[in-house]
Every structure is written in structure tokens, then in C-alpha cells.
Amino acid sequence: MKSKKIKIKHRKYNLYNRKKSKGKQALAIILTIVIAAALCVLGFGLGRPLMEYFNGNKQQTTSQTSESTSGSTSDTSSQSTAESTDETSEPAPDVVENTKVHYINSAALKSAATLDRALAAAKSKGCTTVVVTLRESGGTFLYKTAIEGVKDNEELTNALTAKEIFDAVDGAGMNAYARICTLRDHVSGGYIAGIKYITADGYGWLDAAPNNGGKPWLSPFESKTLKYLGEITAELSSAGFEKIILTDTMYPAFHPADYDKYLSHISKLNDSNHRAAVLWRVVSSCQSAAKSNGADVMVEMNMEDITSAEKLGTSAEMANDHTKLSTAELLIVFSSQGKDPYTAAKSFIGQIKATYGNMKYSVVLSKGETERAEKAFLEENITVFYE
């Protein structure tokens, strides 16, 4: 029997090239895109720090090589490295910029020429604000006032008006503060009636016996005194002075005989709360006068007085009223009292905070104080005035 040949058909078939369905093809494309994107992000995230790391090492190596070959190149490289570190490190604590407030000597007020020279000297030292004493302790006017009862007094021979003094400071490109004595005034009572202490029997009161150099003072118990000091403040603030510093806002040292006899007609003269309230009336009168011209006042006190437990008869007697004290700006005359200035200043700052809280104040440093005291105050954002 003849056998039948069977023809075998061969198909091209590859285990590794199966034809994918359209759904699987789409999924593969999506996965490919996602993986590619992830690799790009990862590459960027790791690549940039790595490049900076290697570049940093390269710069450091270059800097070290430069230091061994050239002194000048080393200085430049070190400065560049320091600047780079400052830019990337945390910022230093804020330190108030010193406004350079300086006092002008009263001798400078003799003429326009002497004042201009004094202002030029202050500006050359970086001064931005000057304090001009226009009524010194004792009550003497150092400018030509227009106040009734005082302006025509023959003893006053001042050359410059308050406006002329302010214009000179302003023309020199600096801010102007005026400083005036208030109650330790031994002369104004001779010009204006009703502003000085009068004894119970109608005589002028003195702080000591006449043959012992006794002098009169202005009485804050008199309404005419408040009006008079307000007029002075108004005159100076209207001239342009932006701050009026009040000094000697205090009582004289009364004697037992004053309480019992000579001033016995003054109610509550020995009541500490009442005394403080009366002194604040002086400040309020001056504040109102200053604010009417867009200015303000500062109250000057001595460090020894404001830190003392006993303030009776001192420049800080007003500080017994803590509530009122928080409404005013103080100017405290600082002294390190022979101690390390920086340590003494820090101790003083701590004492003020503990006693009065966040009271607003600036400090005056005398010529004998060093930069270490200044540093302590500037670190606490406290403005420094320089005598």
C-alpha cells in the first residue's frame, strides 16, 4: 500500500515576541513614562547636591593651595570663604543702630559762628542728633526767649533765638532735641509772680539760710508754674525741636521746720503719693504743650536715684508712680560707679526690668564711660546719648 505523505506547515513563532494586546501596550507606555519621570526627579535631587559637594571640595582645595603659595591670595580666599559662611549661617541677633546723639556745649550758643563750628565737629563724628541745653540747672535761659515777663530782663543777653538754633541744627542735616531745667529754677521767680515757694507767713522760701547760700525754687503746687513751664516747652517745640528733655523735675530737700512751720500751708507736702502726682502734673503740662506742635518730652533722671529704694527729694521721685511712669519716656544718666562698665550696665538693665518692666528709656553716657557700657546697652536696643 502506498503511503500518503503528510505535509507539515511551519509557522514563524517566537516565544519572546508575543504580540501584545492594545491594553497591555498602553499600560507599558504609561509605566515607562512614570519611571522616566521618577528617574529625572531623583537624578536632579541627588545630582545637584553632589555637584555642589564636589565643587565645594574643589574650591576648598584651591583655597588651601593658594594659601601655601601666596599670602595675598590667601587673604582674598579667606575673606570669600567667610562671606559665604555668613550668607548661609543664621543671622546674628538684632542690635540697634547707634543714632549718635551728642550734647552740644552751651558755649557754642554764644553766636551763630560758634554754633556752626560745634555742629560741624559733631557731624564729623557721625552725630545724627544733637541735644542743646537751652535752660540750664538753676533756671538761666541760654537762648533769646519771647516769653512775657522774661524777654525784657536785662540780665538775659543771649544772642540766638530758639528758631535760629534749630535752623542751624536742621541746616547741618541733624535732628534737634532741647534740654530744659524745670523746678530747680532760682531766677524765674524774680521775673514772674506766683511761681515760687512762699512761706506760710508770706515770705519767699529758700532752700537754706540766706547767709548759707539759700536759693528759691519753683513750686509745682502753683498753677502758674505749670503754665510757665508749658509756655517754655511750647516755644521750643514750635521752633522745631522734636523732643524736649525735662531736667530737675524734683523737690528741694525740705527740712523738718519746713513741714512743721514754713510750708505747713501746703497740703500733703509729706505724702509721697501726693508729691509724685504733683510732679507728674509738671510733665503733663509740658507734654500737652509739646504735642500741640508735634513734639514730645523726655524726663531725665539719675541712675542712682531711680535704682534707690528711697527716692524722696531725688530726680526719680516721680518713679514712685509706676502707672504714670509707663506713659513717659525716660532719659537715665548712667554711671558704672567704678565697676566694669559692661557688667554694671547689664546689671542696671536687669534691675530696671525687674522693677519697672518694659519701661521706655534711653541712657546718657558721660565721657568717662567706655565702649563696653555702650555695647551692653546697644545689645538691648537701648539708645545711647553722649555727653
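Residues numbered from 1 in each chain as written. Predicted model: local features only at pLDDT ≥ 70, side-chain atom pairs only at ≥ 80, totals over all residues. Heavy atoms only, no water.

**Details of the layout of surface pockets**
Its volume calculated, the largest pocket comes out at about 610 Å³. Taken together, 25 residues line the largest pocket, and the ones lying closest to its centre are His102, Tyr103, Lys367, Tyr386 and Glu387. In the lining of the largest pocket, the residues fall into 12 nonpolar, five polar and eight charged. Considered as a void within the structure, the second largest pocket measures approximately 320 Å³ in volume. Along its surface, the second largest pocket is lined by 23 residues, and Tyr361, Ser362, Asn381, Ile382 and Thr383 are the ones closest to its centre. (1 Å grid on protein atoms, 1.4 Å probe; cavity = no way out; pocket = protein on both sides within 12 Å on 5 of 7 lines; lining within 4 Å. Points joined across faces, edges and corners; volume = space filled by probe spheres on them. Nonpolar A, V, L, I, M, F, W, Y, C, P; charged D, E, K, R; others polar.)

**As for the nonpolar core**
As a rule of thumb, nonpolar side chains are buried together in soluble globular proteins. If you look at the biggest cluster of nonpolar residues, it comprises 87 residues, and the most contacted ones within it are Tyr228, Leu236, Phe241, Ile306, Phe348, Tyr361 and Phe377. Counting residues per element, this core draws most heavily on helix α7 (residues 272-291), at seven residues. Here Ile306 is in contact with Met301, Lys311, Ala316, Ala319, Leu330, Ile332, Phe348, Ile352, Tyr356 and Met359, once residues within four sequence places are set aside. Tyr103, Met298, Leu331 and Val333 belong to the second largest nonpolar core, which has 10 residues in total. (Core = buried A, V, L, I, M, F, W, Y, C linked by side-chain atoms within 4.5 Å. Buried < 20%, exposed > 50% of the residue type's maximum accessible area, 1.4 Å probe, protein only. Helix = DSSP H or I, 4+ residues; strand = E, 2+ residues; numbered from the N terminus. Contact = heavy atoms within 4.5 Å.)

**Thoughts on helix α3 (residues 112-124)**
For α3, with 13 residues, the first-to-last C-alpha span of 18 Å sits near the 18 Å given by 1.5 Å per residue. Residues of α3 that are buried include every one of Thr114, Leu115, Leu119 and Ala122, and no others. Along α3, the residues classed as buried sweep out an arc of 135° about the axis, all on the same side. Exposed and oriented more than 90 degrees from the buried face of α3 are Arg117 and Ser124. Where α3 ends, the next residue or the one after it, Gly126, has phi of about 90°, a positive value. (Expected span 1.5 Å × (residues − 1). Arc of directions from axis to C-beta.)

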